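In case you want the letters, here they are:
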Amino acid sequence: MAATVATPVTPTEHDPDRCGSEEEGRGAEAEEESSQQQTGPAAAAAATHSRLSKLPLARIKALMKTDPDVSLASQESVFIIAKATELFVEMIAKDALVYAQQGKRKTLQRKDLDNAIEAIDEFAFLEGTLDQ
């Protein structure tokens, strides 16, 4: 008798090489080349950063400028803050997901985040921040 092994399926990020037509890929490459020719290397670097970040860089820059100690924020610093924020949110969400799965749920709840914050030393600075 053969045994069946169930493996969890995890969602993957969009991969342009796996789906979509070749024409769409060529169109995006042509558009990218034309934007680089028209606007120069500085705009191309900003466009590269915005594609690599899932968070809106303009909003992050605005949030950074709300700090009175910050007068200017370079594109690189905004990108690094955005990437660090993405990684932080991903890490705490994965840790909270463990608690949701223990409760046989697929949806994260506030108590899952609370449990992750209490259980993991790296999140000690967040203790009490979710209290109402």
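Residues numbered from 1 in each chain as written. Predicted model: local features only at pLDDT ≥ 70, side-chain atom pairs only at ≥ 80, totals over all residues. Heavy atoms only, no water.

- As recorded in an unreviewed UniProt entry, the chain goes by the name DNA polymerase epsilon subunit 4, listed as coming from Sparus aurata.
- Under the heading Subunit (unreviewed entry), UniProt records this for the chain: "Component of the DNA polymerase epsilon complex consisting of four subunits: the catalytic subunit POLE and the accessory subunits POLE2, POLE3 and POLE4. Interaction with POLE3 is a prerequisite for further binding with POLE and POLE2."
- One UniProt comment on the chain, placed under Function (unreviewed entry), says "Accessory component of the DNA polymerase epsilon complex. Participates in DNA repair and in chromosomal DNA replication." (UniProt positions renumbered as here; feature names shortened; annotations may be inferred.)

1. A few points about helix α4 (residues 75–102)
Side chains of residues three or four places apart in an α-helix project in the same direction, reflecting 3.6 residues per turn.
Okay, step 1: Here α4 contains 28 residues, and its C-alpha end-to-end distance of 41 Å stays within 8% of the 40 Å for a straight helix at 1.5 Å per residue.
Okay, step 2: Of the positions making up α4, those classed as buried are V78, F79, A82, E86, I92, A96 and A100. (Helix = DSSP H or I, 4+ residues; strand = E, 2+ residues; numbered from the N terminus. Expected span 1.5 Å × (residues − 1). Buried < 20%, exposed > 50% of the residue type's maximum accessible area, 1.4 Å probe, protein only.)

2. Looking at the pattern of salt bridges
Okay, step 1: If you walk through the whole model with that rule in mind, you get four salt bridges.
Okay, step 2: In this structure, E90 engages K94 in a salt bridge whose closest nitrogen and oxygen atoms are separated by 3.0 Å. Linking E90 with K94, this pair stays in helix α4, spanning four residues, or about one helical turn.
Okay, step 3: Among the ionic pairs, R110 bridges to D114, the shortest N-O distance being 3.9 Å. Of the two residues, R110 and D114 both sit in helix α5 (residues 110–119), four residues apart, roughly one turn of that helix.
Okay, step 4: Classification of D114 by relative accessible area gives partly exposed; the value is 21%. (Salt bridge = Lys/Arg side-chain N within 4 Å of Asp/Glu carboxyl O.)

3. Focus on a nonpolar patch on the surface
Okay, step 1: Taken together, the side chains of F88, V89, M91 and F125 present a nonpolar region at the surface, about 370 Å² in accessible area.
Okay, step 2: Of note, V89 is situated in helix α4. (Patch = residues over 30% accessible without salt bridge, like charges linked within 9 Å, V, L, I, M, F, W, Y side chains within 5 Å. Areas by Shrake-Rupley, 256 points an atom, 1.4 Å probe, with all protein chains shown as cover.)

4. Some remarks on the environment of I92
Okay, step 1: Within the fold, I92 resides in helix α4.
Okay, step 2: Relative accessible area serves as the criterion here: at 11%, I92 is assigned to the buried category.
Okay, step 3: Residues I92 and A116, 24 residues apart in the sequence, show an inter-C-alpha distance of 7.2 Å.
Okay, step 4: With near-sequence residues (within four places) excluded, I92 lies in contact with L113, I117, F123 and L126. (Contact = heavy atoms within 4.5 Å.)

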